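Structure at a glance
Residue-level listing of the chains:
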Amino acid sequence: MTTSKIVGTEAGDARITWHEAAKARLVLAVSHGAGGGIEARDLQALAAVLPEHGVTVALVEQPWRVAGKKVAPAPKTLDVGWRGVWPALAAPGLPVVSGGRSAGARVACRTATELGAAAVLALGFPLHPPGRPEKSRAGELLGAGVPTLVVQGGNDPFGKPAEFPEGDYRLVEVPGADHGFAVPKRADIKPERAVTIITDAVTAWITILE
């Protein structure tokens, strides 16, 4: 069952689209990046697959997207929006895994401990701006403070898997994929396989969380 709800936050109105599991034991709350919305292929794939495994998926649209703006606000404002929707995400009384893609992954990492997240899912974590490895955001990832899964494209200009530091998290690579998990025609895997790698990795990880 899919339902949507507008939630007021100090950053404006956000929207949660619930993809409910029949017998849920966890909620996976995931938000989008700075350049797109919840229509992202990875987010939609997770919403389609995980409810079958007892995980309710909540796709969260940040206030700037709900308001129709084209440019994301500063990270601090994104955190305010995420904090504002958290009570609604926790309302079912289930453990909540905090997640997102790109900028949304950074938000999840920065706020996980504060909000009491059970774990963090980081899809396409932007380790650094393209071509600027010295501007590392590794501290956000390493500071999440809860079990963390990173799913990263093998050719992501925001940080290839080999660039990630050692730490207490798991990293799964999508071979040849870019920041949006798209793969070129010459790649060893097809686009459908790239999506399956993501959903299989998240399913295997999230189903063993307690």
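1. Digging into the overall build of the chain
Scanning the chain for helices and strands turns up six helices and eight strands. For the chain, the sequential pattern of α-helices and β-strands runs β-β-β-α-β-α-α-β-α-β-α-β-β-α. Its C-alpha atoms give the chain a radius of gyration of 16 Å, near enough to 17 Å, the size a compact globule of 210 residues would have. Along the first, second and third principal axes, the C-alpha set of the chain runs to 40 × 35 × 30 Å. Restricting the contact set of the chain to residue pairs at least 6 apart, pairs at least 24 apart contribute 62%.

2. Details of the pattern of salt bridges
One pass over the structure, following the stated rule, counts eight salt bridges. We note a salt bridge from E140 to R110, for which the minimum N-O separation is 3.3 Å. One end of the pair, E140, is in helix α5 (residues 138-142); the other, R110, is in helix α4 (residues 103-115), and 30 residues separate them in sequence. The exposure class of E140 is buried, given its relative accessible area of 18%. Residues participating in the shared-partner salt-bridge network are D79, R106, R110 and E140.

3. Some thoughts on the sheet that holds strand β8 (residues 170-174)
Reading across from one edge, β1-β2-β4-β3-β5-β6-β7-β8 is the order of the eight strands in this open sheet, with mixed pairing throughout. The outermost strands of the open sheet, each flanked by one partner alone, are β1 (2-9) and β8. Taken pair by pair, the neighbouring strands of this sheet meet at an average axis angle of 20°, ignoring direction. When strand β7 (residues 148-153) meets β8, the two strands line up parallel, connected through five bridges. From the neighbouring strand, V150 faces β8, where its bridge partner is L171. Lying over the sheet, α4 contacts β3 (26-31), β5 (96-101) and β6 (119-123), oriented at roughly 145° with respect to β5.

4. Observations concerning unusual backbone geometry
The phi angle at S102 is positive, at roughly 55°, despite the residue not being glycine. Assignment of secondary structure puts S102 in the loop between β5 and α4. When its relative accessible area of 11% is taken as the criterion, S102 is described as buried. Non-glycine residue F181 carries a positive phi angle of around 65°.

5. Looking at the nonpolar core
Core analysis: the largest hydrophobic core is formed by 35 residues, its most contacted members being I16, W82, V85, L89 and F125. Those elements that provide at least two residues to this core are β2 (12-19), β3, β4 (55-61), α3 (75-90), α4, β6 and α5. In terms of residue count, α4 provides more of this core than any other element does, seven residues in total. Look past the residues within four positions of V85 in its chain and what remains in contact with it is V7, T9, A14, I16 and V60. The next biggest cluster of nonpolar side chains, apart from the first, holds 32 residues, and it includes L43, L59, V174 and W205.

6. Points about the pairing of β1
Pairing geometry for β1 and β2, over eight bridges, is antiparallel. Counted as the bridge partner of T9 is G12 from β2.

7. Some remarks on α3
Taking 1.5 Å per residue, 16 residues should reach 22 Å; α3 reaches 22 Å between its end C-alpha atoms and fits that length. Its maximal kink placed at G84, α3 deviates by approximately 30°, while the proline P87 follows within four residues. Listed as buried for α3 are L78, D79, G81, W82, V85, W86, A88 and L89.

What counts, and where the lines are drawn
Residues numbered from 1 in each chain as written. Predicted model: local features only at pLDDT ≥ 70, side-chain atom pairs only at ≥ 80, totals over all residues. Heavy atoms only, no water. Helix = DSSP H or I, 4+ residues; strand = E, 2+ residues; numbered from the N terminus. Rg over C-alpha atoms; globule rule 2.2 N^0.38 Å. Contact = heavy atoms within 4.5 Å. Salt bridge = Lys/Arg side-chain N within 4 Å of Asp/Glu carboxyl O. Buried < 20%, exposed > 50% of the residue type's maximum accessible area, 1.4 Å probe, protein only. Pairing = 2+ DSSP bridges. Axes fitted to C-alpha atoms, helices over the stretch in contact; angles between N-to-C directions. Core = buried A, V, L, I, M, F, W, Y, C linked by side-chain atoms within 4.5 Å. Expected span 1.5 Å × (residues − 1). Bend = angle between axes of the 7 residues up to and from the residue.

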